[in-house]
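# Secondary and tertiary structure notes
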Amino acid sequence: MKRILKNKLASAGLLIITVISLFAIFAPVITAYQPNDINITDSLLAPSAAHWMGTDLLGRDLFCRMAYGARISLIVGLIAVSISVLIGLLLGSIAGYYSGMIDAIIMRFVDIMLCFPSIFLILALVALLEPSIVIIMAVIGLTSWMGISRLVRAEILSLKERDYVLAARACGVSDFKIIMRHLIPNAIAPVIISATLGVAAAILVESSLSFLGIGVQPPTPSWGNILMDAKASLGIAWWMTFYPGLAIFITVLGYNLLGEGLRDLLIPRK
Amino acid sequence: MLSYIFKRLIMLIPLLIGISLISFLVIHLAPGKPTDVQLQLNQKVSLQVRERIEKLYGLDKPIMVQYFSWLKRMVCLDFGVSFIDSRSVSVKIAERIPVTLFISVLSLLLILCIAIPIGVFSAVWEGSFFDQAMTVFVFIGFAMPSFWLALLLMKYFGVTLHWIPVSGLKSIQFDNLSLWGKLLDYGQHLILPISISAFTGLAGLSRYMRTNMINVLQTDYIRTARAKGLSDKKIYFRHALKNALLPVITILGLSLPGLIGGSVITESIFAIPGMGKLFYDSVMARDYPVIMGVLVIGALLTLIGNLIADICYFYADPRIKNGS
């Protein structure tokens, strides 16, 4: 932790993420409104003391919707990445450890998945399964594990011939235990970095899906679907376009900064 | 050379089978049958008609049989007809591909023209003000949601300044324009979509180019060139740049799915009639044959892009050419 705070990139990223997370966690405390309080008389009010970020077409308080939207973005990002890390670790370590036929099959599967423009695959799956937050998280996770599995495989390939692994094998330790106890902990550094950058990517994907109307469905607020509403009032209400986009930008920036900072910390330069 | 291409083509076969399997599974994951949508449009359809349609699409047969008959048609690029307008899916896709490829290729060129100089000079002047400014730019580029940038630029240049049209591919009076007028009209409609599509790839490639160039500058042959007393200009542009550019060929192939995928967002924001817009519209309308067709064609385009990149690499790098 101390080392993270000493690294400029990582601490800047961590600061941004902390602020956005607090914003999301304390959403009910910091706003006097409900995200779905419709009040037609307050339609499209500019930012003021009563409505810090203005209101949307239906008179809903934008600051409040932004705070609840932050919850969606962060949760979707974190859970989608957890899914992709789990799949990536599992397939990557099996491919790397057993090599041969199993390795060839898994790696061809990775190649095949990489052929699809991922947004096509995600859109098709989400639309066919009916969009909901759970489906979105699952689909983003299921279409983004390939990079991590390649990383894990490469790490494990280089680790498995080390003496301590041979020693463990000679003592009769099971394959499962060798992978879980000895190999994965030593291969985890690049995975942590790639997962941190993955959260940023997942948040971007979720917001583009919601922006296209195939993600989080209204009335549940998400930064992406607020932007979709903003498209209709593009010339009139700048705040509707400005704040949600800025929030996505800053959050993604935060995770990218943390990821790059961790790269400096965890992988020593030659 | 020929044997290399032949080997690469053989390696494509398992990939093609995999692509077809996944596309097929994606569609069959959907709850309900594809015919439901078509039948919902017309509630009065009798049970007999329903059975006839199911038979037409082979939906009454076991799933393996369905897959193989689908595969047989796919090999001939026959994806059936669209649920919406009963036109052939391959014709619908074929008329949309040129627009998307045109935008993708132009933005790829734009990315190359901007990212390579940025990367090279950041590496040459490593740690300078320019390098630091470009690092900041890269972080901004990575974090910028393309659809937000699109909205902001649309608002500023289109709505506030009225400089350029914000949607579609041509103006209403397009048919009355002269040849130059037509080109100018296309240009005005395409400048924003192309810049936005380019912006999203810019950060990645310039960073990549910088890393490559820094690595090349540390090699022995560059040290030899310096020791020989060559001018900086010659070292950087004759010796280093050539080698740093090689891996970019592969990256260009790999960036293709991103560009084609990105077309969904840019094309639907700017209402450009390309493949991305077609895909978006069919997803919204649950037009299964078109969704399946675009999925397969999108993956095939990526495969072809990677194949071309590999062959170019083979030509460009004498080490591989003479080694094999």
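Because the structure is predicted, anything quoted here is derived from the model rather than measured.

### Brief notes about the environment of Leu 77 of chain B
Residues and elements named next belong to chain B. You can see Leu 77 is positioned in the loop between α4 (63-75) and α5 (89-124). When the C-alpha positions of Leu 77 and Val 296 are compared, they lie 9.5 Å apart, and in sequence the two are 219 residues distant. Apart from residues no more than four positions distant in its own chain, Leu 77 is found in contact with Ser 90, Ile 297 and Leu 300.

### Quick notes on the packing of aromatic side chains
Here the structure, examined in full by the defined rule, presents 17 aromatic pairs over all chains. Their ring planes at 20° and their centres at 4.6 Å tell us that Phe 120 of chain A and Phe 279 of chain B sit as a pair that is stacked. Linking Phe 120 of chain A in helix α6 (residues 118-128) with Phe 279 of chain B in helix α12 (residues 275-284), this pair reaches from one chain into another. Judged by its relative accessible area of 0%, Phe 120 of chain A falls in the buried class. Arranged with centres 5.8 Å apart and planes meeting at 85°, the rings of Trp 238 of chain A and Trp 239 of chain A form a pair that is edge-to-face.

### Things to note about a positive patch on the surface
All names here are of chain B. A cluster of basic residues, Lys 228, Lys 234, Arg 238 and Lys 242, forms a positive patch on the protein surface. Mapped onto the secondary structure, Lys 242 falls in helix α10 (residues 232-254). Overall, Lys 242 belongs to the exposed group, its relative accessible area being 62%.

### Digging into the nonpolar core
If you look at the biggest cluster of nonpolar residues, it comprises 152 residues, and the most contacted ones within it are Met 66 and Phe 120 of chain A together with Met 275 and Phe 279 of chain B. Per-element tally for this core: the top contributor is helix α4 (residues 62-98) of chain A, with 18 residues. Apart from the residues lying within four places of it in its own chain, the contact partners of Met 275 of chain B are Phe 120 of chain A together with Ile 93, Arg 96, Ile 97, Thr 100, Ile 260, Glu 267, Val 294, Ile 297, Gly 298 and Leu 301 of chain B. Ala 115, Val 120, Leu 202 and Ile 222 of chain B belong to the second largest nonpolar core, which has 22 residues in total.

### So, empty space enclosed by the protein
Residue and element names in this part refer to chain B. A full pass over the atoms with the stated rule returns 1 cavity of 30 Å³ or more. The volume enclosed by the largest cavity comes to roughly 60 Å³. In terms of lining residues, the largest cavity is bounded by Thr 100, Ile 103, Ser 104, Pro 193, Ser 197, Leu 259, Gly 262, Ser 263, Thr 266, Glu 267 and Ile 272. If one sorts the elements of the lining of the largest cavity by residue count, helix α11 (residues 256-270) sits on top with 5 residues. Counted by class, the lining of the largest cavity contains 4 nonpolar, 6 polar and 1 charged residues.

The rules behind each value
- Here, residues in each chain are numbered from 1, in the same order as that chain's written sequence.
- Each chain is given a letter, starting from A, and each ligand a number, starting from 1, according to the order in which they appear as written.
- Per-residue local features are limited, in this predicted model, to residues with pLDDT of at least 70; the limit for side-chain atom pairs, both in listing and counting, is 80 or more; totals at the level of whole chains, interfaces and linings are taken over all residues.
- As a rule here, side-chain values cover all heavy atoms of the structure and leave hydrogens and water aside.
- By definition, any uninterrupted DSSP run of H or I lasting at least four residues is a helix, any uninterrupted run of E lasting at least two residues is a strand, and each is numbered from the N terminus.
- The contact definition used throughout considers only heavy atoms, calling two residues in contact when any of these lie within 4.5 Å.
- A pair of Phe, Tyr and Trp rings is counted when the ring centres sit within 6.5 Å of each other, with Trp represented by its six-membered ring. The angle between the planes then sorts it: under 30 degrees is stacked, over 60 is edge-to-face, the rest tilted.
- Only protein chains enter the accessibility calculation, which uses a 1.4 Å probe; a residue whose area is less than 20% of its type maximum is buried, one above 50% is exposed, and one in between is partly exposed.
- Any residue with relative accessible area above 30% and no salt bridge may belong to a patch, with like charges joined within 9 Å and the nonpolar Val, Leu, Ile, Met, Phe, Trp and Tyr side chains within 5 Å.
- To measure how exposed things are, a 1.4 Å probe is used in the Shrake-Rupley method; for residues, cover is taken only from the protein chains shown.
- Any Lys or Arg side-chain nitrogen found within 4 Å of a carboxyl oxygen on Asp or Glu counts as a salt bridge.
- Charged residues are defined narrowly, with Lys and Arg counted positive, Asp and Glu counted negative, and His plus the chain ends left uncounted.
- Every charge is mapped onto a representative atom, which is NZ of Lys, CZ of Arg, CG of Asp or CD of Glu.
- Only buried residues count toward a nonpolar core. Its members are Ala, Val, Leu, Ile, Met, Phe, Trp, Tyr and Cys residues joined through side-chain atoms within 4.5 Å.
- Cavity means a closed set of points on a 1 Å grid over the protein atoms alone, one where a 1.4 Å probe fits but cannot get out, pocket means an open set with protein on both sides within 12 Å along at least 5 of 7 lines, and lining means a residue has an atom within 4 Å of a point.
- Grid points are joined across faces, edges and corners, and a volume is the space filled by probe spheres set on the points.
- Throughout, the ten residues Ala, Val, Leu, Ile, Met, Phe, Trp, Tyr, Cys and Pro are labelled nonpolar, Asp, Glu, Lys and Arg are labelled charged, and all others, Gly among them, are labelled polar.

Geometry only, nothing functional implied.
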